[in-house]
Amino acid sequence: MPDHGGNLDEAIRLHGGSRKTWIDLSTGINPRPYPLPAIPDHAWSALPTRNSIDKLETAAGRAYGTGGCTLAMSGVQSAIQLIPRLKPAGQARILGPTYNEHAAAFEAADWRVEHVSTLEGLAGADTAVVVNPNNPDGQRHEPDALVELSYRVGLLVVDESFCDVAPGLSVASRIGTETASLLVQRSFGKFYGLAGIRLGFVMSGSGTVDALRRLAGPWPVSGPAIAVATTTLSDDAWRIQTIRRLERDASRLDRLALRAGWRLVGGTPLFRTYEIDNMDEARKRLISHRVWPRVFPNRPKWLRLGIPCETEHWLRVDEALRQPGC
């Protein structure tokens, strides 16, 4: 199975403690979630209606600025697993290193998967995948370059799971109802800090979205998710304030890391990735302070941290990074 962040149970199994005693910085989830609105009783007791799903998808389309069609799904992961089924298996090219579930989904569907290191290397693929901004190194690609690339592949999938904090990078606004070669994925839970809702969106032309809708089935999202997200996606003021706060906190974390001698690889305001020569010692120091980081087996000097939130969390990270050897 591909490795992931968010595996706090592994930290507890290996090093003791409990969920309350650990600071989980292994994910890129906003640590200060959107305050939950009231959830009506029928959201729990009745099946979601087509009307309620339509309202959610309209709210998402407005928030993400697309002129195309929008499909709500139970997390971006659901879309990742269904997209290889949109067409017969062929050549998939993925710009990497990046989130490993994209390759896993195409391989499971018997596609030939090739990892490339440049946008130009994606040209000619039956399906190409770009994560923008990228996880884990934060690499960014301008919308014009991605749109131009979409004309040279069968389907360009742009995973914008971390694009809420960099809205100028989104190609969602370049999508119309007739678009056939460009598909955008957006995560709801990361930026809004409500990952447990399991909600994400796909935007593309009507033909692609209709095909995915058939694959997803009649109730692709839950009633509580619909109730929460329809309200949340309309709160423009919260979105703007949160981006500013996360940018400040990301800069604060960079200062602590650079003071410790770590080198910034990249990231977004939701996570920061560093290169560390004495990785084993640095990881041990963090773990000794009950701070759980994200490491990468194929990048042994890389370490990724989410953004701390509470004052106590900042103090513990600060202390861990001040100690000799870190």
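Residues numbered from 1 in each chain as written. Predicted model: local features only at pLDDT ≥ 70, side-chain atom pairs only at ≥ 80, totals over all residues. Heavy atoms only, no water.

(A) Focus on the overall build of the chain. From N to C terminus, the chain includes 12 helices and 13 strands. At 20 Å, the chain has a C-alpha radius of gyration in line with the 20 Å of a compact globule built from 326 residues. Overall, the C-alpha framework of the chain stretches about 60 × 50 × 35 Å when taken along its three principal axes. For the chain, the residues scored as buried account for 53% of the 326 residues in total. Working note: accessible area of the chain is about 14,300 Å², and carbon and sulfur atoms make up 52% of it. Of note, the chain has its 38 positive side-chain charges centred 4 Å away from the centre of its 35 negative side-chain charges. (Helix = DSSP H or I, 4+ residues; strand = E, 2+ residues; numbered from the N terminus. Rg over C-alpha atoms; globule rule 2.2 N^0.38 Å. Buried < 20%, exposed > 50% of the residue type's maximum accessible area, 1.4 Å probe, protein only. Areas by Shrake-Rupley, 256 points an atom, 1.4 Å probe, with all protein chains shown as cover. Lys, Arg positive; Asp, Glu negative; His and termini not counted. Charge placed at Lys NZ, Arg CZ, Asp CG, Glu CD.)

(B) Representation of the pairing of strand E2 (residues 69–73) within the structure. Taking burial as the measure, the five residues of E2 include four buried ones, the bulk of the element. With five bridges joining them, E2 and strand E8 (residues 200–204) adopt antiparallel strand pairing. Paired with Ala-72 across the strands is Phe-201, a residue of E8. (Pairing = 2+ DSSP bridges.)

(C) Structural detail: the packing of aromatic side chains. What the rule picks out here adds up to 11 aromatic pairs. Centre to centre, the rings of Trp-22 and Trp-292 are 5.9 Å apart; their planes meet at 85°, and the pair counts as edge-to-face. Of the two residues, Trp-22 is situated in the loop between helix H1 (8–15) and strand E1 (23–24) and Trp-292 in strand E11 (residues 291–292); the sequence distance between them amounts to 270 residues. Exposure remark for Trp-292: the relative accessible area of 3% places this residue in the buried category. (Phe/Tyr/Trp six-rings, centres within 6.5 Å; stacked < 30°, edge-to-face > 60°.)

(D) Structural view of the pattern of salt bridges. Under the defined criterion, the tally for this structure stands at 21 salt bridges. For Arg-152, the salt bridge goes to Glu-120, with nearest N and O atoms at 3.0 Å. Of this pair, Arg-152 sits in the loop between helix H6 (143–150) and strand E6 (155–159) while Glu-120 is found in the loop between strand E4 (112–116) and strand E5 (127–131), placing the two residues 32 residues apart along the sequence. With its nearest N and O atoms 2.7 Å apart, the salt bridge here joins Asp-144 to Arg-174. Taken together, the positions of Asp-144 in helix H6 and Arg-174 in the loop between E6 and strand E7 (182–187) put the pair 30 residues apart, joining distant regions of the chain. Residue class for Arg-174 comes out partly exposed when judged on its relative accessible area of 39%. Salt bridges here are not isolated pairs; linked through shared partners, they connect Arg-50, Asp-54, Glu-57 and Arg-213. (Salt bridge = Lys/Arg side-chain N within 4 Å of Asp/Glu carboxyl O.)

(E) Geometry of the side chain of Asp-318. Take Asp-318: it is sitting in helix H12 (residues 311–322). For Asp-318, a relative accessible area of 18% corresponds to the buried category. At 2.8 Å, the side chain of Asp-318 and the side chain of Arg-259 are in polar contact. (Polar contact = N/O pair within 3.5 Å; in protein donor to acceptor, adjacent residues only side chain to side chain.)

(F) The arrangement of helix H10 (residues 236–259) in detail. A rise of 1.5 Å per residue sets the reference length of H10, with its 24 residues, at 34 Å; its end C-alpha atoms lie 35 Å apart and thus fit the reference within 8%. By the burial criterion, the buried members of H10 are Trp-238, Arg-239, Thr-242, Ile-243, Arg-245, Leu-246, Asp-249, Ala-250, Leu-253, Asp-254, Leu-256 and Ala-257. Lining the buried residues of H10 we find helix H3 (50–64), helix H7 (189–192), strand E9 (263–268), strand E10 (271–275), strand E13 (299–306) and H12. (Expected span 1.5 Å × (residues − 1). Contact = heavy atoms within 4.5 Å.)

(G) Seen up close, the sheet that holds strand E12 (residues 294–296). The sheet built from four strands is open, its strands ordered E9-E10-E13-E12 with antiparallel pairing. The strands lining the two open edges of the sheet, one partner per strand, are E9 and E12. With direction set aside, neighbouring strand axes in the sheet form an average angle of 25°. Sheet analysis places E9 next to E10, joined by five bridges and oriented antiparallel. Its bridge partner being in E10, Arg-263 is matched across the sheet by Glu-275. (Axes fitted to C-alpha atoms, helices over the stretch in contact; angles between N-to-C directions.)

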